[in-house]
Amino acid sequence: MSAALFPESKLPALGTTIFTQMSALAQQHQAINLSQGFPDFSGPDYLQQRLAYHVAQGANQYAPMTGAAPLRSAIGEKTAAQYGWQPDADKEITVTAGATEALFAAIAALVRPGDEVICFDPSYDSYAPAIELAGGVVKRVALQPPLFSVDWAAFRALLSVRTRLVILNTPHNPSATVWRQSDFEHLWQAIANQEIYVLSDEVYEHICFAPEGHASVLRHSELRQRAIAVSSFGKTYHMTGWKVGYCIAPDAISAEIRKVHQYLTFSVNTPAQLAIADMLRHAPEHWQELPEFYRARRDFLVNALSASRFEVLPCEGTYFLLADYSAISDLDDVTFCRWLTEHAGVAAIPLSVFCADPFPHKLIRLCFAKQESTLQAAAERLCRL
Ligand SMILES: Cc1ncc(COP(=O)(O)O)c(C=O)c1O
């Protein structure tokens, strides 16, 4: 008898993500990779210098479980400057291993077996597996192109006595649309009378082009009393590989999230936390200027694609752009993206992979967190189609 065991999967439907698949295909065909969401340029020099400094100073042991004190207090001040409300750095801010850990810890802390969690589809791919591992049931509200706005009647129709959590994401990956303050008010009106928590994934909070700016859950004085807002320094400082993020939530909710965080990672990379604290204090202009930084890249790609047969959808936030390829091909979006990588030399992500239900639109997602030369080269290839 063999000693090897083969566990019954707790997530049987999950395989290798499309992001990994497309990046591998891009490499195989030496395609320009606009699929996975990461910059092909480096983060601020000052931040890198501060990391080296703190390593050299010996800040190499475990950080406090909730996050390094200088970082938590810098986050508190930045939140006040940005959203007009200051969370308590000791009780309401928790530093996590990227936004991914904050999302997982919040879901694990709040969702019990049989609880229902409402997500808006297309949705970021980490939510559903975390909900399922917690024994929860995913309920989905479909967002329809081109506006991807929430049908609040459909949302209300999904609410039940078992609804425990709502997960939203603004600016929204992959649609590049943003919530308005009025959306948060609709949400509040719909859930005010039930014990329903709100997990607001705001990792692109500084990449928002809407004239009224980013509408954070933290600006809503009632919702923030039952919300967890999630942020990522990976997005803000072009350092996705550092995996430092954080969540802000009221004391009682943070206490439960920290119980999970304590045994999931315990604490996050010490020198990186201290370097980011320095960066927040000494160079706040970096995050203040980020919308303009990415607006220029967005406009560059939009202009470069204006000569193509792709129809580019409006982009109000994130570093992604949606393009409709109906004029070019009848292929479904997954097949088209493979074809595009192999034959046109540009890798993109099909939108349908963000949806549990059929999503029969001809839309691909392109990442513009790239150098102009990369975007130019990709656009030239796309314009030939
Ligand atoms: C919507 C959304 N949420 C969360 C994350 C994860 O962020 P992090 O890299 O900080 O874990 C991403 C990363 O792509 C994202 O797009």
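Preceding this section is the structure that the text describes.
Every value quoted in this text rests on a predicted model; they were computed, and no experiment measured them. (Residues numbered from 1 in each chain as written. Predicted model: local features only at pLDDT ≥ 70, side-chain atom pairs only at ≥ 80, totals over all residues. Heavy atoms only, no water.)

### Concerning the overall build of the protein chain
Part 1 of the argument: If you tally the helices and strands in the protein chain, you get 14 helices and 13 strands.
Part 2 of the argument: Its C-alpha atoms give the protein chain principal-axis dimensions of about 65 × 55 × 50 Å.
Part 3 of the argument: Burial status across the protein chain gives 56% buried among its 385 residues.
Part 4 of the argument: Each charge class in the protein chain can be summarised by its mean position, and for the 30 positive and 39 negative side chains these summaries are 2 Å apart. (Helix = DSSP H or I, 4+ residues; strand = E, 2+ residues; numbered from the N terminus. Buried < 20%, exposed > 50% of the residue type's maximum accessible area, 1.4 Å probe, protein only. Lys, Arg positive; Asp, Glu negative; His and termini not counted. Charge placed at Lys NZ, Arg CZ, Asp CG, Glu CD.)

### With respect to the sheet that holds strand S13 (residues 363-367)
Part 1 of the argument: Within the open sheet, the four strands sit side by side as S9-S10-S13-S12. Their pairing is antiparallel. Unpaired on one side and paired on the other, strand S9 (311-312) and strand S12 (349-350) mark the two borders of the sheet.
Part 2 of the argument: One ladder, built from two bridges, connects S9 with strand S10 (residues 320-324); its direction is antiparallel. Looking at the pairing, Val312 lines up with Ala323 of S10. (Pairing = 2+ DSSP bridges.)

### Digging into the packing of aromatic side chains
Part 1 of the argument: Applying the stated criterion across every chain, the model contains 21 aromatic pairs.
Part 2 of the argument: Consider the rings of Tyr319 and Phe320, whose centres lie 5.2 Å apart with planes at 75°: the pair is edge-to-face. Note on accessibility: Tyr319 and Phe320 belong to one class, buried.
Part 3 of the argument: In this structure an aromatic cluster arises from ring pairing among Phe41, Tyr204, Phe293, Tyr294, Tyr319, Phe320 and Phe368.
Part 4 of the argument: For the cation-ring pair, Arg297 lies above Phe41, with the distance from its terminal atom to the ring centre recorded as 4.8 Å. (Phe/Tyr/Trp six-rings, centres within 6.5 Å; stacked < 30°, edge-to-face > 60°. Lys NZ or Arg CZ within 6 Å of the ring centre and 35° of its normal.)

What is shown is where atoms sit, not what they do.
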